[in-house]
Each structure stands twice: as C-alpha cells, then as structure tokens.
Amino acid sequence: LSQLGVEVEWGRKVKVFDDTGSLVEVELESGEKFSAKYVVGCDGAHSTVRHNLGVTFSGEKVPGTYALIHCMIDDMPMETGVTRIDVGKKGWVFVTSLSDGSWVVVFELNDEDRAACSPDEPTLDD
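Everything quoted here is computed from the prediction, not taken from an experiment.

Caption draft 1: Geometry of the overall build of the protein. Summing up its helical and strand segments, the protein has two helices and seven strands in all. Computed over its C-alpha atoms, the radius of gyration of the protein comes to 19 Å, more than 25% above the 14 Å expected for a compact globule of 126 residues. Dimensions of the protein, computed from C-alpha atoms along their principal axes, come out at roughly 55 × 35 × 25 Å. Taking as baseline every contact in the protein between residues at least 6 positions apart, the subset at least 24 positions apart corresponds to 36%. For the protein, the exposed surface amounts to about 10,400 Å²; the carbon and sulfur share of it is 53%. Averaging the coordinates of the 11 positive side-chain charges in the protein and doing the same for the 23 negative ones gives two points 5 Å apart.

So, in structure tokens, the structure goes:
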C-alpha cells in the first residue's frame, strides 16, 4: 500500500464514524477527529467499522486457541518468500516471511501450552 501512496496506521481504534455522503467523519478512541473518503475496518470479527455498518460476520467459530507471532528470526533455516505449513504429532505450524524480512508464525496451543500462558498479556516466554 505504501507504494501506492497509502499510509497504513496501526494501533488506532475507531470510536465512531458518520458517512456524510461525500466524506466519512471519524472519531478515534484517542479523541482525534478527521475526515476521509474511505474507512476500512481490518480488525476482524470485532471490527467497530463492520459493527457500525451492520455487516454480519458469518461463519463458524473455529475451536481452539491459536498463537500468532510477528517477529524477526536470526538464522531462519528457511528461504524468504516461502510459506510453509508443517503437521506433526503435536499439531501444526504455519510460517511465512514478509517483504520487510520479518516472519509470521501461527500455531495452535494445546491444553498444556494454554495452561502455561499468562491470563494477561502473553510474552514470548509464554
């Protein structure tokens, strides 16, 4: 998106918005207000934008608890630009590289893993 001149702003939560017909008036939880031609809700099933538009999130809940880690990994034994899914006795892991050299790792937590995680903010130690 940045190559198209679009700046993606992370960590900014929409509190409320109003479509005036020609612009969208937006208020963030921080109190900041602005106008835009478009507002895109990219925050999943609990999207404020989607809820305020009355758009349903159809489908079924996938059972389980999953971890998603976005990180830098030194000496990764895998080429960048490759996506890999491995399945073993303890479950599966999905690994892919992003264009900035970082990695995304997703896996399902088993009961033992879930019990070891902090109920608050998980850390890489969890």
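Caption draft 2: Examining the pairing of strand β3 (residues 33–36) more closely. With four bridges connecting them, strand β2 (residues 24–28) and β3 associate as antiparallel partners. The partner of E25 across the bridge, within β3, is S35. As consecutive antiparallel partners, β2 and β3 are separated by four residues, and within that stretch G31 has a phi angle of approximately 95°, a positive value.

Caption draft 3: Structural view of the environment of V49. By secondary structure assignment, the location of V49 is in helix α1 (residues 48–53). Residue contacts for V49: discarding those within four places in its chain leaves V14, F17, V39 and G41.

Caption draft 4: A look at the pattern of salt bridges. Under the definition given, this model contains two salt bridges. In this structure, the salt-bridge partner of R12 is E32, at a minimum N-O distance of 3.3 Å. Taken together, the residues R12 in the segment before β1 (14–19) and E32 in the loop between β2 and β3 connect sequence positions 20 residues apart. Across the salt bridge formed by D86 and R84, the nearest N and O atoms sit 2.9 Å from each other. Taking the relative accessible area as the measure of exposure, D86 reaches 33% and is therefore partly exposed.

Caption draft 5: Layout of the nonpolar core. Counting six residues, the largest nonpolar core is built from V14, F17, V24, V26, L28 and V49. For this core, the secondary-structure elements that each account for two or more residues are β1 and β2. A total of three residues in this core trace back to one element, the largest contributor, which is β2. Every residue in contact with V24, bar those within four places of it in the chain, is listed here: F17, D18, D19, F34, S35, A36, K37 and V39.

Caption draft 6: View of a nonpolar patch on the surface. A cluster of nonpolar residues, L1, L4, V6, V8 and W10, forms a patch on the protein surface that exposes about 620 Å² of accessible area. Counting through the fold element by element, W10 comes out in the segment before β1.

What counts as what
- Residues numbered from 1 in each chain as written.
- Predicted model: local features only at pLDDT ≥ 70, side-chain atom pairs only at ≥ 80, totals over all residues.
- Heavy atoms only, no water.
- Helix = DSSP H or I, 4+ residues; strand = E, 2+ residues; numbered from the N terminus.
- Rg over C-alpha atoms; globule rule 2.2 N^0.38 Å.
- Contact = heavy atoms within 4.5 Å.
- Areas by Shrake-Rupley, 256 points an atom, 1.4 Å probe, with all protein chains shown as cover.
- Lys, Arg positive; Asp, Glu negative; His and termini not counted.
- Charge placed at Lys NZ, Arg CZ, Asp CG, Glu CD.
- Pairing = 2+ DSSP bridges.
- Salt bridge = Lys/Arg side-chain N within 4 Å of Asp/Glu carboxyl O.
- Buried < 20%, exposed > 50% of the residue type's maximum accessible area, 1.4 Å probe, protein only.
- Core = buried A, V, L, I, M, F, W, Y, C linked by side-chain atoms within 4.5 Å.
- Patch = residues over 30% accessible without salt bridge, like charges linked within 9 Å, V, L, I, M, F, W, Y side chains within 5 Å.

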